[in-house]
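Below are the chains, spelled out letter by letter.
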Amino acid sequence: MTEQALKELLDSMTLEEKVGQLVQCNAGQFIANQLEITGPGGELLPAEELCRVMGSVLTFEDAKQAKALQDMHLAADPKKIPLLLMLDVIHGLRTTYPIPLAMGCSFDDDLVAECADMARKESAACGVHVTFNPMVDTARDARWGRILETNSEEPLINGRMGAALVKATQGRDLSDPENIACCVKHFAAYGAGEAGRDYNAVDVSERMLRETYLPAYKACLDAGARLIMPSFNALNGIPSVANKTLMNRILREEWGFDGVVISDYDAVGELVTHGVAADAKDAARLAMEAGCDIDMVKNAYYLHLAELVREGKISEETVDAAVMRVLRLKNELGLFENPYHGADEKAEEELYLCPAHREIARRAAEESAVLLKNECILPFRKSIKKIALIGPFAEETRLNGFWSRPGAEKYTVTIPEGIRALLPDAELLIQKGCGAEFGDTDTEGIPAAVRAAEEAEAVILVLGEPENYSGEGRSRAELNLPGPQMELARAVLQVNRNTAAVLFNGRPLVLTELAESAPAILEMWYPGTEAGNALARLLWGDANPCGRLSAGMPRSVGQYPMPYNRTNTGRPKPPPDDRPAPFSSCYLDMPNLPLYSFGYGLSYTDFQYERLTTDRKTIHKNEELKVTVTVRNTGKRAGKETVQLYLQDPVASVVRPIQQLIDYRKVFLEPGESKNVCFTIREQQLRFFDFTAHEVSEAGEFRVSTGYADHLILTESFILAD
Ligand code: BGC
């Protein structure tokens, strides 16, 4: 359709029909007249009426249902405006790949794109038009259960991976039935909720907002994302969906975003609970004034928007502008010509869990695992035949993470299956040992686990968090291994030192005791469908671990907040970190540094950094310089190293981080091979937000280093001249 035709369509619509384009309901609401809610409250509306007016729908099952929904709606809607179908496809549809936090540990934007590409194909076949992805909320507190949905504590990684995902998902042309649109979320700073509690208030300075939280959303919009979702939280006192500074000033005026803004689940209605709206009508007014186009799921717009227009409290032009944005999106997706878009039962069958997709998911699971400790235990020798597989997750199928689709566990390759596929002759002694839920105190299974450990040549100790302990609404105050898991670990480690601990969890955990006692620890996160295959290959060396932590792991919850890019203070703690230093910024009862720092991770081979050079000593505004890092594989196995580049600005008008990641690249090296990894630093990357929140770069000395956080090596300096 032309823009003119869309305008004519808009002009032909009644006010009620326009409002309908701005409401979204759950598929269940008009299929089975069921209201599925993730928030409190909610009214049930007549299914037929919903079906006729609704502009969009979320959360449906498959291509068959997608087509049925579209048919039902088009038959009822006199204007025949197709429905937009949206779904949370976050880390795969049927073929599940690792949770975003794990993908962050891959430090590999291309791998993110490859995974997104596979998810796009499966989603399009399922009938999805819009995915509520990427989630790029920079998160620095693992108490927040949604840290699993983000790639990193570092906005650079979130922005780069988010942009890669957007490009791979949307493709060049959204009307291509194999492409779908992206909705970036949750705008803004949702990850900074006080005390790590989900939905909690966020209070950050504008400087912090612009430096740490906004860049990742902006990067995704620059990559072309067509929608954005304001966050649940109040930001500096105003819930995002009603936050005019955020949405009108920053998003629309400053960034020029002309796509669709969709609220989070009942976030408009929740303005009443927040205490900024008197009732649902007031909430609808506030959200509309702040530029929220679509009201997800509940009824604030549906019930009150037309009335607000009639009363002159909201202008019809405002509603028209929102409706046009929705119509344009539908048009871009080609829905007026092809309302089913890519929905295709046959394609679903062909694509879901096909060998090519499984291969990508397995590779992603391998590349995002982080080897945290290894005292010459791993990789296991293939001649080892008797293996004890011990722990509450030894035979677990729920290794997919919060946003995996319902039923994903049916397709998980379990650990025993993975080991048997790699080592058909292996004898597995499987013992659960204990549970892993909060209230679990039962230790009756531990003696049998100990006997298995005594008998076995090697032990795989499978620990972690139940899958439903991380995700939306799943914050924790403690970050230990729940239940009696440490008791099990102590008992097993006492009888067999040839033990590798393997972890499945959705957030950085406090592993302080395990790190002291276990000779090897492999962090698998939630790896998805190919969990067992990836793990077996990693343990026996068919795959070489190469993940690096994209968020530091604390020694204790008490260390939060502990961003890797902290500032120095006037009294930084002098080394060594393991004992307090008088009148310095330190804890009396624990080191300052995390247990495992941002960027850390081991490999089965060794890498040596030989040289770091810059091609010039001075740059000016809008110029760039090249930094070359030479890295060599000095070990006996081929492997991948993540070369990280950190910046320091030792003197500036505001305090600057002691280490700031500004680039990264993953390189593959054969044994003995060395490579030069070349980075370009542009003057723009030296900029920061000054005290008045204006972006500036200031003349003076800058330093670049490689290594990883808290362990920088090979520093060189250069000058930014006036
Ligand atoms: C979550 C969003 C999600 C939406 C739709 C909300 O509860 O916060 O991330 O996209 O539900 O399922």
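Everything below is about the structure shown above.
Figured I'd write up the structure that's included with this text. (Residues numbered from 1 in each chain as written. Predicted model: local features only at pLDDT ≥ 70, side-chain atom pairs only at ≥ 80, totals over all residues. Heavy atoms only, no water.)

Quick word on the packing of helix H9 (residues 206–222) against helix H10 (residues 244–254)
Taken N-terminus to C-terminus, the directions of H9 and H10 make an angle of 50°; their axes are 13 Å apart at the nearest point. For the element pair H9 / H10, the angle class is oblique. The way H9 lies across H10 gives a crossing that is right-handed. Here H9 contributes Glu206, Arg210, Leu214 and Leu221 to the contact with H10, which in turn contributes Leu246, Arg249, Ile250, Leu251 and Glu254. (Axes fitted to C-alpha atoms, helices over the stretch in contact; angles between N-to-C directions. Helix = DSSP H or I, 4+ residues; strand = E, 2+ residues; numbered from the N terminus. Parallel < 35°, antiparallel > 145°, perpendicular 65-115°, else oblique. Left-handed = near helix turned anticlockwise from the far one by under 90°. Contact = heavy atoms within 4.5 Å.)

Considerations on the packing of helix H17 (residues 415–422) against helix H21 (residues 531–539)
Where H17 meets H21, the axes come as close as 7 Å, and the angle between the chain directions of the two elements is 55°. With respect to each other, H17 and H21 are oriented oblique. Both H17 and H21 take part in a crossing whose hand is right-handed. Residues Ile415, Gly418, Ile419, Ala421 and Leu422 of H17 lie in contact with H21, whose contacting residues are Gly532, Asn533, Leu535, Ala536 and Arg537. Tallied by class, the residues present in the contact of H17 with H21 amount to six nonpolar, three polar and one charged. (Nonpolar A, V, L, I, M, F, W, Y, C, P; charged D, E, K, R; others polar.)

Brief notes about the pairing of strand E20 (residues 639–648)
The side chains of a regular strand alternate between both faces of the sheet. Summarising burial for E20: eight of the 10 residues are buried, a large majority. Bridge analysis of E20 against strand E21 (residues 660–669) gives nine bridges, and the strand direction is antiparallel. Across the sheet, the residue bridging to Gly639 is Leu669, located in E21. Note: E20 against strand E25 (residues 700–708), three bridges, orientation antiparallel. Residue Gln648 lies in a different strand from E25, and its bridge partner there is Arg703. (Buried < 20%, exposed > 50% of the residue type's maximum accessible area, 1.4 Å probe, protein only. Pairing = 2+ DSSP bridges.)

What about the sheet that holds E25?
If you walk across this open sheet you meet the five strands as E18-E26-E25-E20-E21, and the pairing is mixed. One side of each edge strand has no neighbouring strand; the edge strands of this open sheet are strand E18 (618–619) and E21.

Description of the site of the ligand
Close contacts around the ligand come from 14 residues, with Asp88, Arg146, His186, Asp264 and Glu472 the closest. Between Lys185 and the ligand, the recorded distance is 2.9 Å, taken from a side-chain N or O atom to an oxygen atom. Between the ligand and His186 there is a distance of 2.7 Å, counted from an oxygen atom to a side-chain nitrogen or oxygen. Surface burial for the ligand is 97%, taken as the share of its 310 Å² of free accessible area covered by protein chains. (Near = heavy atom within 4 Å. Polar contact = N/O pair within 3.5 Å; in protein donor to acceptor, adjacent residues only side chain to side chain. Areas by Shrake-Rupley, 256 points an atom, 1.4 Å probe, with all protein chains shown as cover.)

So, the environment of Leu271
Position of Leu271 among the secondary structure elements: in helix H11 (residues 270–274). Along the sequence, Leu271 and Ala536 sit 265 residues apart, while their C-alpha atoms lie 49 Å from each other. Other than its neighbours up to four places away in sequence, Leu271 contacts Pro239, Val241, Ala242, Val276, Ala277, Ala283, Leu286 and Ala287.

Description of the pattern of salt bridges
Any two side chains of opposite charge can pair if their charged atoms end up close together. The final tally for this structure, using the stated rule, is 55 salt bridges. A salt bridge links Glu254 to Arg210, with the shortest nitrogen-to-oxygen separation between them at 2.8 Å. Highlighted residues: Glu254 in helix H10 and Arg210 in helix H9, separated in sequence by 44 residues. For Glu624, the salt bridge is made with Lys626, and the minimal N-O distance between the two is 3.7 Å. (Salt bridge = Lys/Arg side-chain N within 4 Å of Asp/Glu carboxyl O.)

Overview of the sheet that holds strand E1 (residues 23–26)
Strand order in the open sheet made by the eight strands is E9-E6-E5-E4-E3-E2-E1-E10, with parallel pairing throughout. A strand with exactly one partner marks an edge of an open sheet, and here the two such strands are strand E9 (260–261) and strand E10 (295–296). Strand direction decides the pairing type here: strand E4 (residues 130–131) and strand E5 (residues 181–187), joined by two bridges, are parallel. For Val130, the partnering residue across the bridge sits in E5 and is Ala181. Sheet contacts for H9: E5 and strand E6 (227–230); angle to E5, the most-contacted strand, approximately 165°.

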